Amino acid sequence: AQSVTQPDIHITVSEGASLELRCNYSYGATPYLFWYVQSPGQGLQLLLKYFSGDTLVQGIKGFEAEFKRSQSSFNLRKPSVHWSDAAEYFCAVRGTASKLTFGTGTRLQVTL
Amino acid sequence: EPEVTQTPSHQVTQMGQEVILRCVPISNHLYFYWYRQILGQKVEFLVSFYNNEISEKSEIFDDQFSVERPDGSNFTLKIRSTKLEDSAMYFCASTPSGLGANVLTFGAGSRLTVL
């Protein structure tokens, strides 16, 4: 069965600092991988996705993620965080079944 | 940009009451989904729906739950007799067919509070 682990429940970074949110997945073949962001009281917005090809994918709002098959990881990065990036970030995996499996999320707090 | 619309945004109900959550998926999308997020927990898959029938459901989606596409635009989730543990944010999502079928577009959610 597919699963996603986000080891960091809560991360605090200063505005302007770099950010890396960790995501590890479990799936037998090459999965489809996603990062979603949820701002307070809002729905889930797609940041970026990986299906195949270039393992470094670019997303919206200056985010990028790198797929590393050897580590079963899909970490999300941003070189310089803005206060508006404070939100909850969810990594998700989709295999052959139609469902999307989410991680438990990482809450990002940005200090000024 | 096309979006998935959900109503109501917040509903409060008494335990044992029936609740219907409504969703208007993106107009050319063919696959529809419901997910839920209990406060402080992960987003969980409930059910997927295609061609007027359920294509997959989770163990959470028991006989108390049902989904329907009553017309060409709405997709509903009915909880027949609500329990306290049904309190959660419920997200509707949809995808087109083809290559885009792997990218879910989510609505803003309907928060259900069962008292």
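Conventions and cut-offs
Residues numbered from 1 in each chain as written. Chains lettered and ligands numbered in written order. Predicted model: local features only at pLDDT ≥ 70, side-chain atom pairs only at ≥ 80, totals over all residues. Heavy atoms only, no water. Helix = DSSP H or I, 4+ residues; strand = E, 2+ residues; numbered from the N terminus. Rg over C-alpha atoms; globule rule 2.2 N^0.38 Å. Buried < 20%, exposed > 50% of the residue type's maximum accessible area, 1.4 Å probe, protein only. Contact = heavy atoms within 4.5 Å. Lys, Arg positive; Asp, Glu negative; His and termini not counted. Charge placed at Lys NZ, Arg CZ, Asp CG, Glu CD. Buried area = accessible area lost by both parts, 1.4 Å probe. Salt bridge = Lys/Arg side-chain N within 4 Å of Asp/Glu carboxyl O. Polar contact = N/O pair within 3.5 Å; in protein donor to acceptor, adjacent residues only side chain to side chain. Nonpolar A, V, L, I, M, F, W, Y, C, P; charged D, E, K, R; others polar. Core = buried A, V, L, I, M, F, W, Y, C linked by side-chain atoms within 4.5 Å. Pairing = 2+ DSSP bridges. Axes fitted to C-alpha atoms, helices over the stretch in contact; angles between N-to-C directions.

Q: For this particular structure, what's the right way to read the overall build of chain A?
A: A count of helical and extended segments in chain A gives 0 helices and 12 strands. If you list the helices and strands of chain A from N to C, you get β-β-β-β-β-β-β-β-β-β-β-β. Relative to the 2.2 N^0.38 estimate, which gives 13 Å for 112 residues, the radius of gyration of chain A is 13 Å and therefore close to what a compact globule would have. If you line up chain A on its principal axes, its C-alpha atoms span 40 × 30 × 20 Å. A burial count over chain A gives 46% of its 112 residues as buried. By sequence separation, contacts in chain A at least 24 residues apart represent 53% of the contacts at least 6 residues apart. Separation between the mean location of the 10 positive side-chain charges and that of the 8 negative ones in chain A comes to 8 Å.

Q: Even after reading the chapter, I still don't get the interface of chain A and chain B, so can you show me in this structure?
A: Many descriptions give the size of an interface as the accessible area lost when the pieces come together. Contacts between the two partners involve 19 residues from chain A and, on the opposite side, 18 residues from chain B. Of the roughly 1600 Å² buried at the junction of chain A and chain B (both faces included), carbon and sulfur atoms supply 56%. At the surface where chain A touches chain B, the tally comes to 0 salt bridges. Between the two partners, chain A and chain B, sit 5 residue pairs in polar contact (both at pLDDT 80 or more). Counting only elements with at least two residues in the side of chain A that touches chain B, the list comes to β5 (32-38), β6 (44-50), β10 (87-94) and β11 (100-102) of chain A. Across the side of chain A that touches chain B, the residue classes break down as 10 nonpolar, 6 polar and 3 charged.

Q: Explanation requested: the nonpolar core in the structure shown.
A: Here is a general trend for soluble globular proteins: nonpolar side chains tend to be buried in one another's company. Residues and elements named next belong to chain A. Residues L19, W35, L47, L48, F74, L76 and Y89 are the most contacted members of the largest nonpolar core, which totals 26 residues. The set of elements that each furnish at least two residues to this core consists of β2 (10-14), β3 (19-21), β5, β6, β8 (64-68), β9 (73-78), β10 and β12 (106-111). Looking at which element gives the most residues to this core, the answer is β10, with 4 residues. Residues in contact with L76, not counting those within four places in the same chain, are L19, E20, L21, W35, L47, L48, F63, E64, A65 and Y89.

Q: Is there a simple way to explain the side chain of A:N75 in this structure?
A: All names here are of chain A. Relative to the helices and strands, N75 is located in strand β9. You can call N75 buried: its relative accessible area is 15%. A polar contact is formed between the side chain of N75 and the side chain of E20, at a distance of 3.3 Å. There is a polar contact of 2.9 Å between the side chain of N75 and the backbone nitrogen of C23.

Q: Could you clarify how one ought to interpret the sheet that holds strand β3 (residues 19-24) of chain B in this entry?
A: Backbone-to-backbone hydrogen bonds pair the strands of a sheet. The strands run either parallel or antiparallel. Residue and element names in this part refer to chain B. Strand order in the open sheet formed by 4 strands is β1-β3-β8-β7, with antiparallel pairing between adjacent strands. Each end of this open sheet is capped by a strand with a single partner; those strands are β1 (5-7) and β7 (65-68). Each strand of the sheet is rotated relative to its neighbour by a mean of 15 degrees, with strand direction disregarded. Of the pairings in the sheet, the one linking β7 to strand β8 (residues 75-79) comprises 4 bridges and is antiparallel in character. Each residue of the ladder has a partner; that of S66, found in β8, is K78.

Everything listed here is a matter of coordinates, which is why it stays silent on function.
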